[in-house]
Amino acid sequence: MPNPSVGALLLVNDIIIAEGYTSAYGGPHAEVNAITYAQTHSPELLQKATLYVTLEPCSHHGKTPPCADLVVASGIKKVVIGTTDPHAKVAGNGIKKLMEAGIDVTVGVLESQCYEANKRFFTYHEKKRPYILLKWAETLDGYIAPAHRDKKAPVWITNLYARQLVHKWRSEEQAILVGANTVLADNPSLTTRDWEGKSPLRVVLDKSDTIPKDAQVFNEQAATIVIKSQDPEEIGSILYKKEVQSIIIEGGAKTLQRFIDTGNWDEARVFTGKTTFGNGTKAPVFPKQPTSSITQDIKGDILTTYKNKTT
């Protein structure tokens, strides 16, 4: 499971003497990297420093020792924390350990920004499901697929730049999900072939075993799991148990709409291309307009990002 993305700074009289960020899974955490640098380069300043860290220092033994213990041992007298850690093994225990050692602790500085930086981590631990990102492309007249198509030739709604951006997004999330109808219609590989980066875990919904074994989603380019449930809450629970912190739902229309209607989504990224179909498969719709949205121009295609503020 990915570590939360944490940053740490050590300041003396508003001057940064060391900084650190979380290493890859299994490596030192942000506080360790910052304190280690300070111990090597300016040890005489360490006890005068204030530690600023975006997430509560851990208090348990995992792949690495507790960061809270190192902070106490280092002699740091003041710690400023962005957000508490929702992980059951931390959840305020790191703060408690610091305070019991006599350290001056401040919590909740730039809290919303720190939360946003780790929204996948927080969603996973607080809601017991992955951070769910919906993605689709629709025409100017509101369709995601034409009524008739040549299966040998893909039908693109968006331009090359938008399609490459989608592959970048895939490299940033742990998993990607589609329904059986999308696999049967498009035979997608669901990889990051147009962007440098690891392909996500492929999740396919196929309750009736309709997808042939030679479909591209079963090739060796990435791992794939099949889930027979169509219920978003059950799907989220299954993925939580598999330690999946984030997932992109890429289709089809019924699958996307099911997640929308049940409120099981956190963010939606919707492209609107320049073309029209006249008829075909209608794009998903929100029962009510999401409370937060941002619009961008991607070389002529419009990308609207929605946030679900009700979950």
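All figures in this text were calculated on a predicted structure; none of them were measured in a lab.

## Focus: the domain arrangement of the protein
How big an interface is tends to be reported as the loss of accessible area on association of its parts.
Step number 1: Domains assigned within the protein are domain 1 (7-120) and domain 2 (129-307).
Step number 2: Centre-to-centre, using C-alpha coordinates, domain 1 lies 37 Å away from domain 2.

## Quick word on the packing of aromatic side chains
Step number 1: Overall, the coordinates contain seven aromatic pairs when judged by the stated rule.
Step number 2: A ring pair is formed by Trp169 and Phe271, whose centres lie 5.5 Å apart and whose planes are at 20°; its orientation type is stacked. Of this pair, Trp169 sits in helix H6 (residues 160-172) while Phe271 sits in strand E12 (residues 267-272), placing them 102 residues apart in sequence.
Step number 3: The class of Trp169 is buried, set by a relative accessible area of 7%.
Step number 4: According to the relative accessible area criterion, Phe271 is buried, its value standing at 1%.
Step number 5: Members of the aromatic cluster, joined through ring pairs, are Trp136, Trp265, Phe286 and Tyr306.
Step number 6: If you follow Lys213 out to its NZ or CZ, it ends over the ring of Phe218, 5.6 Å from the centre.
Step number 7: The ring of Tyr161 has Lys299 lying over it, and the distance from NZ or CZ to the ring centre is 5.4 Å.

## Side note on the packing of helix H2 (residues 67-74) against helix H3 (residues 93-100)
Step number 1: Two numbers describe how H2 lies on H3: the axes approach to 9 Å, and their chain directions differ by 20°. Classified by the angle between their axes, H2 and H3 sit roughly parallel to one another. Of the two possible hands of crossing, H2 and H3 adopt the one that is right-handed. Across from Ala68, Asp69, Val71 and Val72 in H2, the residues of H3 making contact are Gly94, Lys97 and Leu98.
Step number 2: Class assignment for the residues of the contact of H2 with H3 results in four nonpolar, one polar and two charged.

## Observations regarding unusual backbone geometry
Step number 1: The peptide bond linking Gly251 to Gly252 adopts the cis configuration, its omega dihedral lying at 0°.
Step number 2: With respect to the element layout, Gly252 can be found in the loop between strand E11 (246-251) and helix H9 (253-261).
Step number 3: The backbone phi angle of Asn187 is positive, close to 45°, even though this residue is not glycine.
Step number 4: Even without being a glycine, Asp209 presents a positive backbone phi close to 55°.
Step number 5: Topologically, Asp209 is positioned in the loop between strand E9 (201-205) and strand E10 (224-227).

## Examining the sheet that holds strand E3 (residues 50-55)
Step number 1: Taken in spatial order, the five strands of this open sheet run E2-E1-E3-E4-E5, and their pairing is mixed. Of all the strands in the sheet, just strand E2 (15-21) and strand E5 (104-107) have a single pairing partner and so form its edges. Each strand axis lies, on average, 15° off the axis of its neighbour in the sheet, ignoring direction.
Step number 2: Examined bridge by bridge, E3 and strand E4 (residues 78-83) share five bridges and lie parallel to one another. Looking at the pairing, Tyr52 lines up with Val80 of E4.
Step number 3: Docked against the sheet, helix H1 (residues 30-41) engages strand E1 (7-12), E2 and E3, running at close to 135° with respect to E2.
Step number 4: Relative to the sheet, H3 contacts E4 and E5, its axis offset from that of E5 by approximately 150°.

What counts and what doesn't
Residues numbered from 1 in each chain as written. Predicted model: local features only at pLDDT ≥ 70, side-chain atom pairs only at ≥ 80, totals over all residues. Heavy atoms only, no water. Domains from an automatic or database assignment. Phe/Tyr/Trp six-rings, centres within 6.5 Å; stacked < 30°, edge-to-face > 60°. Helix = DSSP H or I, 4+ residues; strand = E, 2+ residues; numbered from the N terminus. Buried < 20%, exposed > 50% of the residue type's maximum accessible area, 1.4 Å probe, protein only. Lys NZ or Arg CZ within 6 Å of the ring centre and 35° of its normal. Axes fitted to C-alpha atoms, helices over the stretch in contact; angles between N-to-C directions. Parallel < 35°, antiparallel > 145°, perpendicular 65-115°, else oblique. Left-handed = near helix turned anticlockwise from the far one by under 90°. Contact = heavy atoms within 4.5 Å. Nonpolar A, V, L, I, M, F, W, Y, C, P; charged D, E, K, R; others polar. Pairing = 2+ DSSP bridges.

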